[in-house]
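The lines below spell out each chain.
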Amino acid sequence: MYNLVMKDFKLGINPWFLAMPFLLGALMLIPGWIYLLVPQYFLDIGTEYFWSI
C-alpha cells in the first residue's frame with residue numbers, strides 16, 4: 001500500500017510544486033523581487049508569441 005501511495009505521488013505531483021514555497025520564500029528576501037518577476041513574465045509571453053509567428 002505504501003508503494004502504491006508513493007507511486008501516485010511521483011506520478012501526480014510535480015516536484016517543483018513541493019519546492020515552490022521555499023523558492024518563493026527565498027525570493028521574497030530580495031528587495032524589489034517583484035521588479036525581477038514581472039519582466040521575466042512578459043519576456044516569457046513575448047518569446048512564446050515571437051516563435052509562434
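Relevant structure appears above.
Reading guide: rules and limits
Residues numbered from 1 in each chain as written. Predicted model: local features only at pLDDT ≥ 70, side-chain atom pairs only at ≥ 80, totals over all residues. Heavy atoms only, no water. Helix = DSSP H or I, 4+ residues; strand = E, 2+ residues; numbered from the N terminus. Rg over C-alpha atoms; globule rule 2.2 N^0.38 Å. Areas by Shrake-Rupley, 256 points an atom, 1.4 Å probe, with all protein chains shown as cover. Patch = residues over 30% accessible without salt bridge, like charges linked within 9 Å, V, L, I, M, F, W, Y side chains within 5 Å. Salt bridge = Lys/Arg side-chain N within 4 Å of Asp/Glu carboxyl O. Phe/Tyr/Trp six-rings, centres within 6.5 Å; stacked < 30°, edge-to-face > 60°. Buried < 20%, exposed > 50% of the residue type's maximum accessible area, 1.4 Å probe, protein only.

**Q** Explain the overall build of the protein chain here, please?
**A** The helix and strand inventory of the protein chain stands at three helices and zero strands. What you see in the protein chain, going N to C, is helices and strands ordered as α-α-α. Here the C-alpha atoms of the protein chain give a radius of gyration of 17 Å, more than 25% beyond the 10 Å that 2.2 N^0.38 yields for 53 residues. Expressed as lengths along the three principal axes of its C-alpha atoms, the size of the protein chain is roughly 45 × 35 × 5 Å. Only carbon and sulfur atoms are counted for the fraction: they give 75% of the accessible area of the protein chain, which is about 5,400 Å².

**Q** Would you take a moment to explain a nonpolar patch on the surface for this structure?
**A** On the surface, a cluster of nonpolar side chains totalling about 730 Å² of accessible area is made up of Ile 34, Tyr 35, Leu 37, Val 38, Tyr 41, Phe 42 and Ile 45. Looking at where Ile 45 falls in the secondary structure, it is placed in helix α3 (residues 34–52).

**Q** I tried to follow the packing of aromatic side chains on my own but got confused; where do I start?
**A** Within a pair of aromatic rings, the relevant descriptors are the distance that separates the centres and the angle that separates the planes. Enumeration over the complete set of coordinates arrives at one aromatic pair. Taken together, a centroid distance of 5.5 Å and an interplanar angle of 70° make the contact between Tyr 41 and Phe 42 edge-to-face. No difference in accessibility class separates Tyr 41 from Phe 42, as the two residues are exposed.

From the geometry alone we can't say anything about function, so treat these as descriptive.
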